[in-house]
Structure formats: structure tokens, C-alpha cells
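Next come the chains, spelled out residue by residue.
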Amino acid sequence: MLEITALKEILADPKHIVITTHHKPDGDAMGSSLGMYNYLIQKGHHVKVVSPTDYPVFLHWLPSNSDVVIFTEQNQESARLVESADLIFCLDFNTLSRINELGELVRASSAIKVMIDHHLEPEDFDNYRHWNINACATAQLVYDFIVNIMQEEQLINKDVASCLYTGIMTDSGSFRFPNTTPEVHHIVANLINKGAENWKIHQLVYDNFSEDRLRFLGHCLLNNLQVFREYNAAMISVTQAELQQYNIETGDTEGLVNYALTINGVRLAALIIERADKVKLSLRSTGEFPANEICKKYFQGGGHRNAAGGQSDQPIAEVIEKFKSILPEYKSLLLV
Ligand code: 5GP
Ligand code: MN
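Residues numbered from 1 in each chain as written. Chains lettered and ligands numbered in written order. Predicted model: local features only at pLDDT ≥ 70, side-chain atom pairs only at ≥ 80, totals over all residues. Heavy atoms only, no water.

K.L.:
I tried to follow the overall build of the protein on my own but got confused; where do I start?
P.N.:
Along the backbone of the protein there are 14 helices and 12 strands. In terms of overall dimensions, the protein is globule-like: its C-alpha atoms have a radius of gyration of 20 Å, near the 20 Å expected for 336 residues. For the protein, the spread of C-alpha atoms along the three principal axes comes to 60 × 40 × 40 Å. With an accessible surface of roughly 14800 Å², the protein has 49% of that area assigned to carbon and sulfur atoms. (Helix = DSSP H or I, 4+ residues; strand = E, 2+ residues; numbered from the N terminus. Rg over C-alpha atoms; globule rule 2.2 N^0.38 Å. Areas by Shrake-Rupley, 256 points an atom, 1.4 Å probe, with all protein chains shown as cover.)

K.L.:
Please clarify how the site of ligand 1 should be interpreted in this entry.
P.N.:
If you check the shell around ligand 1, you find 13 residues, and the closest are His119, Lys280, Ser282, Arg284 and Gln311. Taking His119, its side chain carries an N or O atom lying 3.0 Å from an oxygen atom of ligand 1. Interatomic distance of 3.1 Å between a side-chain N/O atom of Gln311 and an oxygen atom of ligand 1. Across the complex, the protein chains shield 75% of the 490 Å² of accessible surface that ligand 1 would expose by itself. If you list the elements that add at least two residues to the shell around ligand 1, you get strand E10 (279-285), strand E11 (302-303) and strand E12 (307-312). (Near = heavy atom within 4 Å. Polar contact = N/O pair within 3.5 Å; in protein donor to acceptor, adjacent residues only side chain to side chain.)

K.L.:
Would you mind showing me how to read the sheet that holds strand E9 (residues 268-274) here?
P.N.:
In a beta sheet, neighbouring strands are held together by backbone hydrogen bonds and run either parallel or antiparallel to one another. Strand order in the open sheet formed by 6 strands is E7-E8-E9-E10-E12-E11, with mixed pairing between adjacent strands. Of all strands in the sheet, those with a lone pairing partner are strand E7 (225-228) and E11, marking the two edges. Along the sheet, helix H12 (residues 291-298) contacts E9, E10, E11 and E12; its crossing angle with E12, the most-contacted strand, is approximately 20°. On the sheet, helix H13 (residues 316-326) packs against E7, strand E8 (233-238), E9, E10 and E12 and is oriented at approximately 165° with respect to E9. (Pairing = 2+ DSSP bridges. Contact = heavy atoms within 4.5 Å. Axes fitted to C-alpha atoms, helices over the stretch in contact; angles between N-to-C directions.)

K.L.:
Help me understand the coordination of the manganese ion (ligand 2) in this model?
P.N.:
The textbook angles at a metal center are 109.5 degrees for a tetrahedron of four donors and 90 or 180 degrees for an octahedron of six. At this site the manganese ion (ligand 2) is bound by Asp28 (OD), Asp92 (OD), His118 (NE2) and Asp171 (OD), with donor distances of 2.2 to 2.4 Å. For the manganese ion (ligand 2), the single-chain donor residues occur in sequence as D-x63-D-x25-H-x52-D. Here His118 is found in the loop between strand E5 (112-117) and strand E6 (128-131), whereas its partner Asp171 is found in helix H6 (residues 158-171), with 53 residues between them in sequence. (Donors = N, O, S within 2.8 Å, 3.2 Å for Na, K, Ca; no water.)

K.L.:
Quick question: what am I supposed to make of the sheet that holds E6 here?
P.N.:
Reading across the sheet, the 6 strands line up as E3-E2-E1-E4-E5-E6 and stay open at both edges, with parallel pairing between neighbours. The sheet is open, and its two borders are formed by strand E3 (69-70) and E6, each paired with just one other strand. Pairing between E5 and E6: 4 bridges, direction parallel. Bridge pairing in E6 places Met115 opposite Arg129. Sitting on the sheet, helix H2 (residues 27-40) is in contact with strand E1 (16-21), strand E2 (46-51), strand E4 (87-91) and E5, with an inclination near 165° to E1. Contacting E4, E5 and E6, helix H5 (residues 138-149) runs over the sheet at an angle of about 120° to E5.

K.L.:
Looking at this model, I keep getting lost on the nonpolar core. Mind explaining?
P.N.:
Nonpolar side chains in soluble globular proteins tend to end up buried together. Ile19, Met36, Phe89, Phe145 and Leu191 are the most contacted members of the largest nonpolar core, which totals 54 residues. Ranked by the residues each element gives to this core, the list is headed by H5, at 8 residues. Filtering out sequence-adjacent residues up to four positions away, Phe145 remains in contact with Ile4, Leu7, Leu11, Met36, Tyr39, Phe89, Ile116, His130 and Met150. Among the nonpolar cores identified, the runner-up in size contains 24 residues, and Ala291, Ile294, Ala308 and Val319 belong to it. (Core = buried A, V, L, I, M, F, W, Y, C linked by side-chain atoms within 4.5 Å. Buried < 20%, exposed > 50% of the residue type's maximum accessible area, 1.4 Å probe, protein only.)

K.L.:
How should the pattern of salt bridges be read in this particular structure?
P.N.:
Pairs can form between side chains of opposite charge whenever their charged atoms are close. Counting across every chain of the model gives 15 salt bridges. Among the ionic pairs, Asp124 bridges to Arg129, the shortest N-O distance being 4.0 Å. Of the charged contacts in the structure, one is a salt bridge between Arg215 and Glu211, with a shortest N-O distance of 2.9 Å. Pair noted here: Arg215 and Glu211 are both in helix H9 (residues 211-224), with a separation of 4 residues, about one helical turn. Judged on exposure class, the residue Arg215 and its partner Glu211 are both exposed. (Salt bridge = Lys/Arg side-chain N within 4 Å of Asp/Glu carboxyl O.)

K.L.:
What should I look at first to understand the domain arrangement of the protein in this one?
P.N.:
Here the protein is partitioned into domain 1 (4-206) and domain 2 (211-334). Relative to domain 2, the C-alpha centre of domain 1 lies at a distance of 27 Å. Each partner contributes to the interface: domain 1 provides 11 residues, whereas domain 2 provides 9 residues. In this assembly, domain 1 packs against domain 2 so that about 850 Å² is buried in total across both faces, 52% of it on carbon and sulfur atoms. Among the residues of domain 1 in contact with domain 2, Pro56, Phe58 and Leu120 are the three that bury the most area, contributing 37% of the side total. (Domains from an automatic or database assignment. Buried area = accessible area lost by both parts, 1.4 Å probe.)

K.L.:
I'm lost on unusual backbone geometry in this one. Help?
P.N.:
For residues besides glycine, phi is generally negative; the peptide bonds are generally trans as well. The phi torsion at Ser64 lies on the positive side, around 75°, for a residue other than glycine. Looking at where Ser64 falls in the secondary structure, it is placed in the loop between E2 and E3. Although it is not a glycine, Asn247 sits at a positive phi angle of roughly 50°. When you line up the elements, Asn247 lands in the loop between helix H10 (240-245) and helix H11 (256-261).

K.L.:
What's the story with the pairing of E1 in this structure? I'm lost.
P.N.:
Where a strand is regular, its side chains alternate between the two sheet faces. Taken across its 6 residues, E1 has 5 buried, putting it largely inside the fold. Crossover handedness for the path E1 to H2 to E2: right-handed. Judged from the 5 bridges that link them, E1 and E4 form a sheet pairing that is parallel. Following the sheet pairing, Ile19 is matched in E4 by Phe89. (Right-handed = clockwise from strand over helix to strand, strands pointing away.)

Set out below in C-alpha cells:
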């Protein structure tokens, strides 16, 4: 791995740059990507954010959102951008499988690849890396990159600040997860100083539900929540038919799994969703319980200790049974 400070010199002259992030991007993925975008354009670079897929409407207000290219919708344009890039920033993911078919294009590209990320177990495909699993968000690492590595804090304008604030706010669970350190609060205070309107950003992201989404939440909590008291675990499952009945769109299921974790005593929560092509799992846990271990061992996935995901090609009923059958193995850890 090369020393990342070398990027200061590499980025001194205008380059063709692609910024990409994981599929179905969340607030941190889009916040860190557009934060980096709004920083780099000020330096005269030719920059595009290429997202592997679409992303939630509640992120469409982000500054420069209209410049984002979506791979699944603009296939050829995306491929052309990746092929002709001098430099590719890979933000908020660390294995190329997380960006679907775009991954092989990135791998094949002769561009310099820079990974900025906070997930465990990075794959070795990059030339430069700014990686720290203790960061509460990739947006925190982008802030650190701009301020401490590039030493260009003055380029954090209102647009950059708003994007990075969004990333930190969403990935830290609105500043409540354990990795929300005093340093994170200092960074966030500085972003507000630089123009991020904290109250407004929170409203744009969290008070922007469609009526269908709120009724769907009610339906899930009333009818689809199962609590396994003997294991301190809970699960919400959702079928394709229910997603269609409530016109559920990308991003509408975000945060749903956290409701199961709000029940007192519950240490492990699962959301199991029947998507068109596969069944997707989201796991959340508290404290030392390794949700990522379950995802890795049983559901072709991984993630952080307290927030992980995976998938299965089996029918949803079987996935639910499989999840339940795993609980006894973890009983002692769940009852701590
Ligand atoms: P979510 O439940 O919000 O989809 O994902 C939570 C976290 O789990 C993500 O930040 C990511 O680190 C991880 N994750 C989700 N799905 C997958 C997957 O299929 N594979 C891997 N390796 N990690 C995943
Ligand atoms: Mn993240």
C-alpha cells in the first residue's frame, strides 16, 4: 500500500475522477461521495459520482445530487467514465462485490484506486487507503482526508459540510452509537460552523416519510414482529406482496430493524425482507454481540459487529426458520 499523503501531489493538477460507493447507497455512502465531489470540483478536477444503483428519495436534496450517474440506468456512460478515469475513489465499501457489476469495471480500470472506508476486512484492490474501523462514518474519514491529509480545511464550504454532516448523522444513528466520540462532536460542530444546517438536514432525512411508509411501519410492528424472549432476540419479516401493497421504495425499509432493538432486553434484531431476486437480511445488535459473525457464517454477508447484513437464495419461510434455528447457538452470548 502506498502512502496516502502522496495524493496531495497527485491531486495538485486537474484529473478525471470517479467517485463510487456501495449499492443501494445510504446516507453515509451518498454523503461521503457528494462531500468528496463538492470538495474536488473546487480544485478544478473533472469529477463524477457513479452509484451502482438508485438510492432513497430522502437523499436527493444533497448538494450536486443532479450530477450523480446511476450505473443501472446509465450503463454505458458509467463504463466510459470508469474506463477513462485517472483516479477512482471507493467510499464506504471495501470489497468490489459490494458494487455489483461495476466492481469488475473498477478492477479492470487502470486508474489509481483510493479506498476510504470503515468496514472490517478490506479486499486488496486499491493503491491508496484511508481506512479506520473506529470511524463512526466514512464521512468522518473524508473530513479527516480533506483537513489532515490534504490540509485544505478552507475548502469545506457549505455544500461539503452539509454532505459530510449527513453521512456522520445517519451512520452514527443521530450521534448515539458508541463510536460517536468527543472528536466526532468536534468535527460536527465544525461542519455546522461551516454552514451545515443541522436541524434542517435532520428534518430532510428523517421527517420525509410517505404516508405509505409510515403505515407500512405500523403494519410491520403490529403484525410482523416476533419476539424471542428466551433468546433476547426479535425479528421482523416482510414479503414481496407486502412491499408492493404499501408501494415501498428504495430506502423505505431503512431503520425498520432498529425498532425491534428498542424492546427492553432485546440484544439482537433481524429484518428479513423478500426482495425480487433474493431474501435480504439486516441484523443489529447491542454491546459485544457479533451480528456480523452470524451474517458471515450463515448468510453470505458480513458488516460491523452491531450492524451487519447478508442474503439467501432460499424461500423466505426457510430463511426465517434458519434464523430461528441459529439462536440456540448464541444463547449464552444473548443472555449476557
Ligand atoms: P444494512 O442492514 O443496512 O443493509 O447493512 C448494515 C451493514 O451491514 C452495512 O453497513 C454493511 O457493512 C453490512 N452489509 C450489509 N449487507 C451486506 C452483505 O451482503 N455483505 C457484506 N459483507 N456486508 C453487508
Ligand atoms: Mn458507512
